[in-house]
Amino acid sequence: KEIAGGDTITGATSGATAIVKRVIVTSGSWDKSDAAGRLILSGQTGTFVSESVKVESSNRATIGGDSEQISLPPGGRYEFVNHNFYGAANLRRMYGVNGVGPAFEWDGETLAPVVTGMTADKPNHIAVFSNHLFLSFPGGSLQNSSIGSPHEWNPVTGALEIGLGEEITGLFGIAKRAMIVGGRNKVAILYGNDANNFSLDTYSNDSGVIEWSMQRIATPCYIDDRGLRSLSTTEAFGDFKMGTVTGTLHPFFPAQRKRGATVRASLRCREKDQYRVFYSDGTGFTTYFGRKYPETLIFNLGVTVSCACSSEESDGSEIMLIGDEDGWVYQLDAGTSFDGKEVTAFLRLPFNHNGAPNQINRYHMARLEMDAEPNTSLALVAEFAYGAIEQPPSIEQSFSVSGGGGFWDEDFWQDFYWDAQ
């Protein structure tokens, strides 16, 4: 008879007791009486020895010795993925790596190490693909668990190791039978369903993925040395084409390299169709994919971002969080300030000659139509003839946006101005 979560085990020799929180079978099965694995315990009293353990009065298993405390090592950079390997709706769990210790599984209450058997069991990137848990290790090693079993790393049951040939900088499942494996100077695609037909094909040897930059908006996006790239599927299933997302942002990347600024984190904004990248100098950029051509803006949050996360609240609304080097956590796109500081921005529009570059024009008025929060202050100045010295700029004008009105029986009180248009 098997040991199950919630059982209380008692050492037959030592008399020590503990409550079983999780039973992890890594080989064999209870039915054949050859199950082997680990027990995750809590509330232990006494010290277990190498002995049989009982549930009630029945011997259920033999253990090799006393338990060890489960803890997360200090330091490291964490990366997570959520997945349900077990089928039941309440068994969706979080899997994480940190580069300084073993991978782990978290269900909201119990932390269970994912032990692969590696001598240096310190994976640094993680993904789920084709119902396998994938981990990358220093040296370019890509490894997967047995299918449907994130704790089972046995080659007999489908675990596998594949070498990329250089350090792995990111993993990303993008289709039912394809996963991106990014290296610093290489991009590869993993195809297949399991160890019987997994195949890692090199996609590019002259373009690589900068660590922490890979996200999926409409298509997978990432930063390489030449700028912002995307991978989109072609009509032939399983094939991909690479493209530069926006040429207008190209000068930003060499400028960042000259400043020594590096990518620290990235995230996707689902509600706004945006891809955001954060750099070590506090700057970053947002690319919007909601129109025919991507649109990009550069920003400076005033803090050095060290990590980022985009997820959902219990009601389905999106929440985006960033952490900084000083240990503070900030929620993005919330409130009306930068942590109490005024939000300032400027926008320089392209020069426009209205289709007649050789004709001198005279402008009497400019009217702006915009969506803005109430009490937004704007200042406007115009330059002429590409900023030529013989054509001085206009006088700066400032004005406020008060907000718009609403329709009776359609809008909500306190969401509009009563006497506005």
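A brief report on the enclosed structure follows.

The rules behind the values
Residues numbered from 1 in each chain as written. Predicted model: local features only at pLDDT ≥ 70, side-chain atom pairs only at ≥ 80, totals over all residues. Heavy atoms only, no water. Helix = DSSP H or I, 4+ residues; strand = E, 2+ residues; numbered from the N terminus. Rg over C-alpha atoms; globule rule 2.2 N^0.38 Å. Contact = heavy atoms within 4.5 Å. Areas by Shrake-Rupley, 256 points an atom, 1.4 Å probe, with all protein chains shown as cover. Buried < 20%, exposed > 50% of the residue type's maximum accessible area, 1.4 Å probe, protein only. Arc of directions from axis to C-beta. Patch = residues over 30% accessible without salt bridge, like charges linked within 9 Å, V, L, I, M, F, W, Y side chains within 5 Å. Salt bridge = Lys/Arg side-chain N within 4 Å of Asp/Glu carboxyl O. 1 Å grid on protein atoms, 1.4 Å probe; cavity = no way out; pocket = protein on both sides within 12 Å on 5 of 7 lines; lining within 4 Å. Points joined across faces, edges and corners; volume = space filled by probe spheres on them. Core = buried A, V, L, I, M, F, W, Y, C linked by side-chain atoms within 4.5 Å. Pairing = 2+ DSSP bridges. Phe/Tyr/Trp six-rings, centres within 6.5 Å; stacked < 30°, edge-to-face > 60°. Lys NZ or Arg CZ within 6 Å of the ring centre and 35° of its normal. Axes fitted to C-alpha atoms, helices over the stretch in contact; angles between N-to-C directions. Disulfide = S-S within 2.5 Å.

## Focus: the overall build of the chain
Moving on, step 1. When its secondary structure is counted, the chain shows one helix and 30 strands.
Moving on, step 2. Taken over the C-alpha trace, the chain has a radius of gyration of 28 Å; the compact-globule value for 421 residues is 22 Å, which it surpasses by more than 25%.
Moving on, step 3. For the chain, the C-alpha atoms occupy an extent of roughly 95 × 55 × 40 Å along the three principal directions.
Moving on, step 4. Taking contacts inside the chain between residues at least 6 apart in sequence as the whole, the part at least 24 apart equals 40%.
Moving on, step 5. Accessible area for the chain stands at about 25,700 Å²; split by element, carbon and sulfur atoms hold 49% of it.

## Details of helix α1 (residues 252–259)
Moving on, step 1. Within α1, the full set of buried residues consists of F252, F253 and Q256. Down the axis of α1, the sector holding all buried residues measures 95°, keeping them to one side.
Moving on, step 2. Positive backbone phi, at 80°, marks G260, one or two positions downstream of α1.

## Focus on a nonpolar patch on the surface
Moving on, step 1. Together, L368, M370, L380 and F399 give the surface a local cluster of nonpolar side chains, amounting to about 320 Å² of exposed area.
Moving on, step 2. By the secondary structure assignment, L368 is in the loop between β28 (329–331) and β29 (376–380).

## Quick notes on the layout of surface pockets
Moving on, step 1. Considered as a void within the structure, the second largest pocket measures approximately 1,500 Å³ in volume.
Moving on, step 2. Considering the residues around the second largest pocket, the lining is formed by 47 residues, among which E79, F80, V81, Q215 and S310 are closest to the centre.
Moving on, step 3. When residues of the lining of the second largest pocket are assigned to their parent elements, the largest contribution, seven residues, is made by strand β26 (residues 305–312).

## Describing the pattern of salt bridges
Where side chains of opposite charge bring their charged atoms close, a pairing between them can arise.
Moving on, step 1. One pass over the full model with this rule turns up twelve salt bridges.
Moving on, step 2. As a salt-bridge pair, E105 and R93 come within 3.4 Å of each other at their nearest N and O atoms. On the criterion of sequence distance, the pair formed by E105 in strand β8 (residues 103–106) and R93 in strand β7 (residues 93–97) is long-range, its members being twelve residues apart. We note that E105, like R93, is buried.
Moving on, step 3. Of the charged contacts, one joins E325 and R264 as a salt bridge, the two residues approaching to 2.9 Å between their closest N and O atoms. Highlighted residues: E325 in the loop between β27 (318–324) and β28 and R264 in strand β22 (residues 263–269), separated in sequence by 61 residues.
Moving on, step 4. Judged by its relative accessible area of 52%, E325 falls in the exposed class.
Moving on, step 5. Each of the salt bridges in this network shares a partner with another, and the network as a whole consists of R22, R93, E105 and D107.

## Remarks on the nonpolar core
Moving on, step 1. Within the largest apolar cluster, 15 residues are counted, with the highest numbers of intra-cluster contacts made by I223, L228, F253, Y275, V277, Y279 and F285.
Moving on, step 2. Per-element tally for this core: the top contributor is strand β23 (residues 274–279), with three residues.
Moving on, step 3. Among the nonpolar cores identified, the runner-up in size contains 13 residues, and A127, F129, F134 and I162 belong to it.

## Observations concerning the pairing of strand β11 (residues 132–137)
Moving on, step 1. Of all six residues in β11, six are buried, a share of seventy percent or more.
Moving on, step 2. Judged by which residues are buried, β11 turns out to be covered on both faces: H132, F134 and S136 on one side and L133, L135 and F137 on the other are all buried.
Moving on, step 3. As defined by bridge partners, strand β10 (residues 125–129) adjoins β11 across five bridges and the pair is classed as antiparallel. Residue A127 lies in a different strand from β11, and its bridge partner there is F134.
Moving on, step 4. Of the strand pairs in this sheet, β11 and strand β12 (residues 141–144) are connected by four bridges, and their pairing is antiparallel.

## Structural notes on the packing of aromatic side chains
Moving on, step 1. Summed over the entire model, instances satisfying the criterion amount to 16 aromatic pairs.
Moving on, step 2. Summarising the aromatic geometry, the rings of F134 and F198 are spaced 5.6 Å apart at their centres and angled 65° between planes, so their arrangement reads as edge-to-face. Residue F134 is found in strand β11, and its partner F198 is found in the loop between β16 (186–191) and β17 (199–204); the two are separated by 64 residues along the sequence.
Moving on, step 3. In this structure an aromatic cluster arises from ring pairing among F252, F253, Y275, Y279 and F285.
Moving on, step 4. Above the face of the W212 ring, R77 is positioned so that its terminal group lies 3.9 Å from the ring centre.

## Concerning the sheet that holds β28
Moving on, step 1. The strand order across the open sheet built from three strands is β26-β27-β28, with neighbouring strands paired in antiparallel fashion. A single partner strand is all that each edge strand has here, and the edge strands are β26 and β28. Neighbour to neighbour, the strand axes of the sheet diverge by 20° on average, direction disregarded.
Moving on, step 2. In this structure, β26 lies alongside β27, joined through seven bridges in antiparallel fashion. Directly across from A308, in β27, lies its bridge partner I322.

## Points about the sheet that holds β7
Strands belonging to one sheet form pairs held by backbone hydrogen bonds; the direction of such a pair is parallel or antiparallel.
Moving on, step 1. If you trace the four strands from one edge of the open sheet to the other, you get β6-β7-β8-β9, paired in antiparallel fashion. The open sheet has two edge strands, β6 (79–83) and β9 (111–114), and neither has a second partner. Looking at each pair of strands side by side, their axes are set apart by 25° on average, direction ignored.
Moving on, step 2. The pairing of β6 with β7 spans five bridges and is antiparallel. Its bridge partner being in β7, V81 is matched across the sheet by Y95.

## Re the state of the cysteines
Moving on, step 1. The full count for this structure, using the stated rule, is zero disulfides.
Moving on, step 2. No disulfide involves C269; its sulfur sits 13 Å from that of C309, the nearest cysteine.
Moving on, step 3. Here C309 is not disulfide-linked; the sulfur of C307 is the nearest cysteine sulfur, at 8.6 Å.
Moving on, step 4. Look at C309 and you get partly exposed, because its relative accessible area is 38%.

## A word on the environment of P138
Moving on, step 1. The topology assignment puts P138 in the loop between β11 and β12.
Moving on, step 2. Sequence separation of P138 and A16 is 122 residues, and the distance between their C-alpha atoms is 40 Å.
Moving on, step 3. Setting aside residues no more than four positions away along its own chain, P138 makes contact with K122, N124 and E167.

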